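Below are the chains, spelled out letter by letter.
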Amino acid sequence: MAVNRSVRNCREGRRSLVTFRRFFSALLTFIMLVNILPWCEESVYANELTKTDSLIETIIQGRYEEDSYIYYRQQHINQPVLTEAISVDATAYLSEKSDNVKLENNELLFESKGTACFPVHVTSTGLYELSVQYRYVDTASLKNYDISVAIDRKIPFFEAESIELPRIWGQDALVHTKDGNDYAPSTYQLTDSTQKVLSDSVGEVGAYLFYLKEGTHEVSISLSTSGVCLQGLTFGAAEVLSDSAQAETISKEWAGEIITLEAEVPTLRNDSSISGGVDRTDAGVSPNDPLYKKINVLNGSKFSKPNQSVTYVFNVEKAGRYRVGIKYKQDVAQGLFVSRRLLIDGKSVCESTNAMRFPYNDEWNYTILQTKSGDLSVDLAEGEHTLSLEVTLGDMQSGIQEMNDLLYALNYLYRKIIMVTGTSPDLLRDYDLDKEIPYLLGTLNDIALRLEDVYNSFGDMGIRSGQVSVLRQLYTQLYELIDAPYDIPARLDNFKSNISSLSSFIASLQSQPLTIDYISLIGEEKTIPYVKSGFLANFMFNF
């Protein structure tokens, strides 16, 4: 019996050993699979993401929704931008397809939340700007209302669902008191008709372009409230003459008079915050007083946002040729220039007047506006005319959009890095970031190259600002990180700081302040109606 018990124990021991071996083998297999499968998956993922040329664009596309204007524009990138004007009056609206609108005096009044539909006949396929003629009748509200635009009952891109229509403002006459400070004149809303080319609110992409095929389309304008009269639509970009072509149209006969427009008293403005200001830094500012504060300039800090505009109505007594001059001070954007679009009688004069540059100068400066053909000259007939200045990003527009795209990509990569290292990385540890994020170095290289291109483009525009050095500092750091990826954790805080500096630089470029004393229309060939105040005049003024 003892022998049988011993044999039984031996068999049970062998079974236990076999079971243990099987369990141990299974455990080893499991551990190997756990380590091998992620490696295989990462290898496949790495192979997909080492195509850095497409990756940078993929990351940037994450900044935009699939139904955004940027996507919409890319889909029609090869289509021509057409200047053929297609005008539709309010009277042509489709009453059976419109809601809560009423036709009165050849204009459509939105009585509440409603939609106005119009037939639009297109003869050429392409991209068209869209301008809306309208006027506000509700002056109780200070808020600008938004419209939405649909083509064939479909919103073409999500930004078209909410486009702002600015109100138009006037002001009481500015009275300069003899023995006291000036008081800011009261402002009031106007119900006059105006026109707006539909565009983005920050000026990054400019006027929206709508794709229309040849044929008849149904265009709908919707408003979420009442108080607006719609007078018509116009499709088509305004034709702008080249500088040389415009110069050839100018007559050789000078008018022989000088018209001065005091900048602090615009007839119209599309933003109630635009206002006059006080400047006592120079005796030559008109008007001025050594004792009392006089409203004598258009305040640059209030006239700095893209799409803001001021309009001056003036009368010409002698028809003929005039040059255009502006006395200004641009002492905020150091080393940079700001831009304005000039319109005479509501139209761009030539290509250069779409982005007139005003460089940095901490003193008052007078300039005759220039084109590629020399001094800007315009022909003016006798009678009433308008001169408008509109804030624009000008030649910086494409660079700002590119920097915004690259800023998005940099923030994306920074988040990927801290997912591996944390916000306070262990400096004694090698995180193998180039392996953990296999597309990191290639994408950083693409960003560095594109930042360098932007930096060089600013140099080509004559910008030598210390602020632009932010770009050089950032792309230089990116090249260094690419060469030594093991240094990234140690330089993470500096990397984050440079990204923040880029963001601040972009924000500073989007502000375009320009203080203006007066605008001159000079009907003489060589006269410059400006005498700079000398040291003695300023000393006596401030004494």
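Given the structure is predicted, the values throughout are model-derived calculations rather than measurements. (Residues numbered from 1 in each chain as written. Predicted model: local features only at pLDDT ≥ 70, side-chain atom pairs only at ≥ 80, totals over all residues. Heavy atoms only, no water.)

Draft legend 1. Local environment of the pairing of strand β5 (residues 130–136). Counting buried positions over the seven residues of β5 gives six, a clear majority of the element. As paired strands, β5 and strand β13 (residues 228–235) are joined by seven bridges and run antiparallel to one another. Paired with Gln133 across the bridge in β13 is Gly232. (Buried < 20%, exposed > 50% of the residue type's maximum accessible area, 1.4 Å probe, protein only. Helix = DSSP H or I, 4+ residues; strand = E, 2+ residues; numbered from the N terminus. Pairing = 2+ DSSP bridges.)

Draft legend 2. Structural view of the nonpolar core. Residues Leu387, Met403, Phe458, Phe495 and Leu502 are the most contacted members of the largest nonpolar core, which totals 83 residues. Per-element tally for this core: the top contributor is helix α5 (residues 397–421), with nine residues. Not counting the four nearest positions on each side in its chain, Leu387 is found in contact with Leu261, Val310, Thr311, Tyr312, Phe314, Leu342, Leu343, Ile344, Ile519 and Leu521. Val101, Phe210, Val228 and Phe235 belong to the second largest nonpolar core, which has 41 residues in total. (Core = buried A, V, L, I, M, F, W, Y, C linked by side-chain atoms within 4.5 Å. Contact = heavy atoms within 4.5 Å.)

Draft legend 3. Spotlight on the environment of Glu248. Examined against the element boundaries, Glu248 turns out to sit in helix α4 (residues 243–248). Among the residues examined, Glu248 registers a relative accessible area of 68% and is labelled exposed. Taking the C-alpha atoms as reference, Glu248 lies 9.7 Å from Ser373; in sequence the two are 125 residues apart.

Draft legend 4. Focus on a negative patch on the surface. A grouping of Glu65, Glu66, Asp67 and Glu161 is seen on the molecular surface, where their side chains present a negatively charged patch. Along the polypeptide, Glu65 turns up in the loop between α2 (52–61) and α3 (69–75). (Patch = residues over 30% accessible without salt bridge, like charges linked within 9 Å, V, L, I, M, F, W, Y side chains within 5 Å. Areas by Shrake-Rupley, 256 points an atom, 1.4 Å probe, with all protein chains shown as cover. Salt bridge = Lys/Arg side-chain N within 4 Å of Asp/Glu carboxyl O. Lys, Arg positive; Asp, Glu negative; His and termini not counted. Charge placed at Lys NZ, Arg CZ, Asp CG, Glu CD.)

Draft legend 5. Summary view of helix α9 (residues 492–509). Spanning 18 residues, α9 covers 26 Å between terminal C-alpha atoms, matching the ideal 26 Å at 1.5 Å per step. Of all the residues in α9, the buried ones are Leu492, Phe495, Asn498, Ile499, Leu502, Phe505, Ile506 and Leu509. Along the axis of α9, the buried residues cluster in a sector spanning 140°; they form a single face. Buried residues belonging to α9 abut α5, α7 (440–460) and α8 (469–483). (Expected span 1.5 Å × (residues − 1). Arc of directions from axis to C-beta.)

Draft legend 6. Molecular detail of the pattern of salt bridges. As enumerated under the stated definition, the model contains 16 salt bridges in all. Here Arg63 and Glu204 are joined by a salt bridge, their closest N and O atoms 3.2 Å apart. Here Arg63, found in the loop between α2 and α3, pairs with Glu204, found in the loop between β10 (194–197) and β11 (210–212); they are 141 residues apart in sequence, far enough to count as distant. According to the relative accessible area criterion, Arg63 is partly exposed, its value standing at 27%. You can call Glu204 buried: its relative accessible area is 10%. The partner of Lys97 in a salt bridge is Glu218, and the shortest N-O contact between them spans 2.9 Å. Pair noted here: Lys97 is in the loop between β1 (86–89) and β2 (99–104) and Glu218 is in strand β12 (residues 215–223), with a separation of 121 residues, a long-range link.

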